[in-house]
Amino acid sequence: GSCLESVKVAIDTGYRHIDGAFVYYNEHEVGQAIREKIAEGRIKREDIFYCGKLWNTCHPPELVRPTLEKTLKILQLDYVDLYIIELPMAFKPGDAIYPKDENGKIIYHKTDLCATWEAMEACKDAGLAKSIGVSNFNRRQLEMILNKPGLKYKPVSNQVECHPYFTQPKLLEFCRQHDIVIVGYSPLGTSRDETWVNVSSPPLLKDPVLNAIGKKYNKTAAQVALRFSIQRGVVVIPKSFNPQRIRENFQIFDFSLTEKEMKEIEALNKNVRYVELLM
Ligand code: A2P
């Protein structure tokens with residue numbers, strides 16, 4: 001229920017882009033929140049930008065459309081605004097989200113990312129996804145799609161970890177050149193959940209530079225981190241279940257960072273990921 005409430009607070013606050021996935025197991029709550037806000041007359045469906053994701057066990061081309069249809073059924077929506085390949089590696093298809101062998105090792109699956117992409121293109125043609133993109137792709141994986149013979153649609157976006165401690169300068173430049181929007185996940189430095197986060201990298205929001213710059217503008221380190229990303233053209237998808245912080249993270253359009261401050265923050269880059277995706 002916390003997701004339902006948070007999405008409703010977010011929509012009331014003014015957020016329109018909602019980043020979801022089947023593997024977050026809360027798409028039913030996200031869909032309910034969107035539908036309730038439409039029924040209230042607060043928004044129309046076309047005001048919302050919902051991003052869904054194709055999980056690793058669903059890469060075989062024949063699974064792509066049925067998987068998106070399952071997401072749509074859970075959301076009770078007719079289309080997603082963006083559908084993305086969540087990760088460039090495929091796992092064995094089946095009910096297990098992390099299929100493992102008897103030694104606890106992930107069971108991978110041989111698929112062709114280009115064939116998966118063609119199935120994504122078919123979803124767009126069928127009107128089930130307005131746009132299609134990727135996530136956690138490096139330059140070589142993007143090039144593989146971009147250079148695919150007969151490519152019908154380029155990925156519109158690549159969702160990757162991006163924040164002041166992991167600024168992705170090279171990938172950002174490559175994507176800029178190819179008109180691919182970078183959507184930055186963990187823009188606040190994650191929840192530091194040790195089960196999936198590399199907590200040896202220090203907490204982003206405690207950073208002295210972010211806090212000092214925030215003081216100047218009467219903003220928090222979180223607001224400075226988000227502002228930094230949007231000012232360099234990176235879309236941010238901060239996560240919060242807390243109404244006050246949901247609102248705080250939206251108050252970033254009434255100030256701007258100087259070029260010098262942007263450079264100072266860029267210099268914080270440690271080239272270290274919080275989300276290592278070791279599988
Ligand atoms: P909470 O849900 O309790 O607000 P990221 O977006 O980088 O994944 O970070 C999410 C984490 O940051 C969550 O633990 C969230 O906790 C916390 N968080 C979200 N907004 C703020 C904020 N404005 N200040 C401090 N922590 C925040």
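On a predicted model such as this, the values are computed, not experimentally measured, just so you know.

Participant: Please explain the side chain of Asp 81 as it appears in this structure.
Facilitator: Along the chain, Asp 81 turns up in strand E3 (residues 80-85). A polar contact is formed between the side chain of Asp 81 and the side chain of Arg 45, at a distance of 2.9 Å.

Participant: Would you take a moment to explain the sheet that holds strand E4 (residues 129-135) for this structure?
Facilitator: Strand-to-strand pairing in sheets goes through backbone hydrogen bonds, with the strands running parallel or antiparallel. Read from one edge to the other, the open sheet built from seven strands follows the order E1-E2-E3-E4-E5-E6-E7, with strand pairing classed as parallel. The two strands at the open ends of the sheet, each matched to only one other strand, are strand E1 (17-19) and strand E7 (235-236). Both strand E5 (residues 157-161) and strand E6 (residues 181-185) contribute to a ladder of five bridges, which runs parallel. Looking at the pairing, Gln 159 lines up with Val 183 of E6. Its contacts with the sheet place helix H2 (residues 27-39) against E1 and strand E2 (49-54), and it is angled at close to 165° to E2.

Participant: Is there a simple way to think about the site of the ligand in this case?
Facilitator: Taken together, the neighbourhood of the ligand is formed by 16 residues, with Leu 188, Ser 240, Phe 241, Arg 245 and Asn 249 sitting nearest. Contacts to the ligand include Gly 189, whose backbone N or O atom sits 3.1 Å from an oxygen atom. Measuring from an oxygen atom of the ligand, one finds a side-chain N or O atom of Ser 240 at 2.5 Å. Considered on its own, the ligand offers 570 Å² of accessible surface; in the complex 79% of this is hidden by protein. Of the residues that constitute the shell around the ligand, the class distribution is six nonpolar, seven polar and three charged.

Participant: Hey, could you run me through the pairing of E2 in this one?
Facilitator: On a regular strand, each side chain points to the face opposite its neighbour's, so the side chains alternate between the two faces of the sheet. Across the six residues of E2, five count as buried, placing the element largely inside the fold. In the classification by handedness, the crossover that spans E1, the intervening H2 and the parallel E2 is right-handed. Direction of pairing for E2 relative to E3: parallel, over a ladder of four bridges. By the bridge assignment for E3, Gly 52 is matched with Tyr 83.

Participant: Is there a simple way to explain the pattern of salt bridges in this structure?
Facilitator: Note on pairing: side chains with opposite charge can pair once their charged atoms come close. Within the structure shown, the criterion is met by 15 salt bridges. Taking the shortest distance from any N to any O, the salt bridge between Arg 42 and Asp 12 comes out at 2.7 Å. Here Arg 42 is found in the loop between H2 and E2, whereas its partner Asp 12 is found in helix H1 (residues 2-13), with 30 residues between them in sequence. Look at Arg 42 and you get partly exposed, because its relative accessible area is 46%. The partly exposed category is assigned to Asp 12, whose relative accessible area is 37%. One salt bridge connects Lys 37 with Glu 40, and the closest N-O pair in it is separated by 3.1 Å.

Quick notes on the rules
Residues numbered from 1 in each chain as written. Predicted model: local features only at pLDDT ≥ 70, side-chain atom pairs only at ≥ 80, totals over all residues. Heavy atoms only, no water. Helix = DSSP H or I, 4+ residues; strand = E, 2+ residues; numbered from the N terminus. Polar contact = N/O pair within 3.5 Å; in protein donor to acceptor, adjacent residues only side chain to side chain. Pairing = 2+ DSSP bridges. Contact = heavy atoms within 4.5 Å. Axes fitted to C-alpha atoms, helices over the stretch in contact; angles between N-to-C directions. Near = heavy atom within 4 Å. Areas by Shrake-Rupley, 256 points an atom, 1.4 Å probe, with all protein chains shown as cover. Nonpolar A, V, L, I, M, F, W, Y, C, P; charged D, E, K, R; others polar. Buried < 20%, exposed > 50% of the residue type's maximum accessible area, 1.4 Å probe, protein only. Right-handed = clockwise from strand over helix to strand, strands pointing away. Salt bridge = Lys/Arg side-chain N within 4 Å of Asp/Glu carboxyl O.

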